[in-house]
Amino acid sequence: MSFLQLILKNLLRRRSRSLLTLAGIAIGIGAVVSLSGIASGFERSWANVYKARGTDLVITKTIARSTMPGPFPATLKSEIQKLPHVREVGGLLSDVFSVEDSPTVLVIGWEPKTSLWKHVTLGSGRWPDDSSTDTVAIGSLSAEMLNKKLGDKIQIETREFTVCGIFRSAALAESGAIVMPLPAMQSLTEKDGMVNFFDVWLEPRTTPAQTDELRALIKTKFSGLTAFDPGAVSESNLAMQIAKAMTWAVSSIALVVGAIGVMNTILMSVFERLHEIGILLAIGWRRARIMQMILAESLLLGLIGGILGCGLGVAAARLLERSPWVAGKLEASVDPALFGIALLIAIALGGLGGLYPAWIGSRMSPARALRQ
Amino acid sequence: MTSRPPLIEVRDLRRSFDHEAVQALRGVSFKIGQGESVSVRGPSGSGKTTLLNVLGALDCQFEGTVTIDSVELRDLAQPERFRARTIGFVFQSFHLLAALTAIENVQMPMFERDWKPAERRERAAALLKMVGLENRMDHLPAKLSGGERQRVAIARSLANEPKLLLADEPTGNLDSTNAHKILEVLQRIHQERNMTMIVVTHDAEVAAVTNRTLHLRDGQLQGAANGA
């Protein structure tokens, strides 16, 4: 009989309790994996949008007080256009609306005749005319979600639009969006002459140092605006920050509950086995080995719970990304590094939960335990 | 006094509990030679179990001197290590681990030795064969009779080839037939292995199979022949 077999036997003796503890750990780790996967997917999804557009810098308000950055005058474009290394500037106004049966749909107004329109492929129909205020193009995923085809009417807030084109984008967030010309979006949101993003394309041979200088210049010249690297835009987003905070809050609670579960299980099993531990000490087991045995039981619970939790987390993330609130906006990103972190957390949970019971068990007096 | 070289030397052993309110052992002294078998008899409360706990390094909080195999037991830093190498225990109520089979129970003390799992199993199987349980190796204690359980406990006590076997009322929970079998096994082990054996017992029949008997009463040894 090996030491591992003994550990397994000890855990299998109290099968129901071990299973409940595993469930507790798995739920905790599942929460970490799924929520982190969703948060990371959100970031990646937006990074993909800018990657697809080939954007070099994104200018937006430094402080966002809602899920979307606040608007600022579109007229700033002419000043930005004159800055060194700037090749092109495109203005956008975007917001999230409840559209028919879908609770959250990203609606974007793109400035006509800019590169913003070039990175997406029209699958069917045509693009809205630059001056149109009653036609939209919808992403392939939003067409699927909203069950719309060319010529169908679509209600956004109080206005009705006609679907004139269906486009494909390499970025999931855009595939699930509705696009219209910037003036139409300004009219819909009653923000005439305003944008909340400028996408900036730089001259081809602009160096990273020159880009940094330009970012610093924009920050100085345009008070309240910041030029972000495309990958960092989502990090500054208020919704993203709230999502991350929620992820850690929920995960922390789940993990504390998991750790208490492990401690309870192992502590109960130690108290039930005081007599047995006394026998093992009497027949010569070292106190360190008693500690090893109890810790190994809790670490193993942590490890198995962690593996189950990773599976559960992936399943939960997949379910979440299909939910009406999230569908079309992101694809959960669960990478091996996250699994590694989750497993380490699970093993640490097991270790922490087992430390006190192991200490209690190893401190026993064999003579007293044998009398019980 | 024994003529064999002493394995155990006890001098003026005193052990009290509850802040000296209970004096369990009051100046006990004796020697036991290598390979001797000795019974310890006495009425309930005479200090037999306390003496066994001290000799088995289960209780190192005593006054006086107890030396076993040249190791002084008082304030021993790692009594478990000493027990694993030197002592084999047989208890009245067997004290087997209920969730483990007979052969797994016998292997338990061997975890303190550098033996591989296969070697542990092989040694445990040989010990169970020696006590006549080769056909009951994979049975749980609940599926064994009282006598069989005690034979498993005896096999376990021999797992690490100890120099000293301590048996606390080994036949106390057994009927006369099983008690007789256990005595035979203990006698055979003592003879074949030349192992020092101390048996705490109420039973005169058990005491009769040992070389000599120490009589304890009120925490003191009775009779000059038993003293050091």
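Data block above holds the structure.
Residues numbered from 1 in each chain as written. Chains lettered and ligands numbered in written order. Predicted model: local features only at pLDDT ≥ 70, side-chain atom pairs only at ≥ 80, totals over all residues.

## As for the environment of Ser93(B)
This is how the line gets drawn: Numbering goes from the N terminus for both helices and strands, where a helix is a DSSP run of H or I of at least four residues and a strand is a run of E of at least two.
Considering the arrangement of structural elements, one finds Ser93(B) in the loop between strand E6 (87–90) and helix H3 (102–107). Separated by 15 residues in the primary sequence, Ser93(B) and Gln78(B) place their C-alpha atoms 26 Å from one another.

## Overview of the sheet that holds strand E2 (residues 22–33) of chain B
Residues and elements named next belong to chain B. Convention followed: One requirement defines pairing of two strands: DSSP has to find at least two bridges between them.
Pairing is antiparallel in the open sheet, where four strands are placed in the order E2-E1-E4-E5. Two strands close off the open sheet at either side, each with one partner strand: E2 and strand E5 (71–72). Bridge count between strand E4 (residues 63–68) and E5: two bridges; the pairing is antiparallel. When the bridges of E5 are listed, Ile68 appears paired with Val71.

## So, the interface of chain B and chain A
Let me state the cut-off plainly: Think of it this way: build a C-beta for each residue from its backbone, and any pair within 7 Å is a contact. Residues are grouped as follows: Ala, Val, Leu, Ile, Met, Phe, Trp, Tyr, Cys and Pro are nonpolar; Asp, Glu, Lys and Arg are charged; every other residue, Gly included, is polar.
Facing the 22 residues of chain B at the interface are 19 residues of chain A. Residue assignment for the side of chain B that touches chain A shows that the elements contributing at least two residues are helix H2 (79–86), H3 and helix H4 (117–130) of chain B. Broken down by element, the side of chain B that touches chain A gets its largest block of residues, four residues, from H2(B). Class assignment of the residues belonging to the side of chain B that touches chain A gives a composition of nine nonpolar, four polar and nine charged.

## Section: the pairing of strand E8 (residues 159–168) of chain A
All names here are of chain A. Both strand E5 (residues 121–125) and E8 contribute to a ladder of four bridges, which runs antiparallel. The residue bridging Gly125 from the neighbouring strand is Gly165, located in E8. Sheet topology note: the strand E6 (residues 135–139)/E8 ladder contains five bridges and is parallel. Each bridged residue has a counterpart across the sheet, and for Ala137 the counterpart in E8 is Gly165. Here strand E7 (residues 153–156) pairs with E8 via four bridges, running antiparallel. The residue of E8 that forms the bridge with Gln155 is Glu160.

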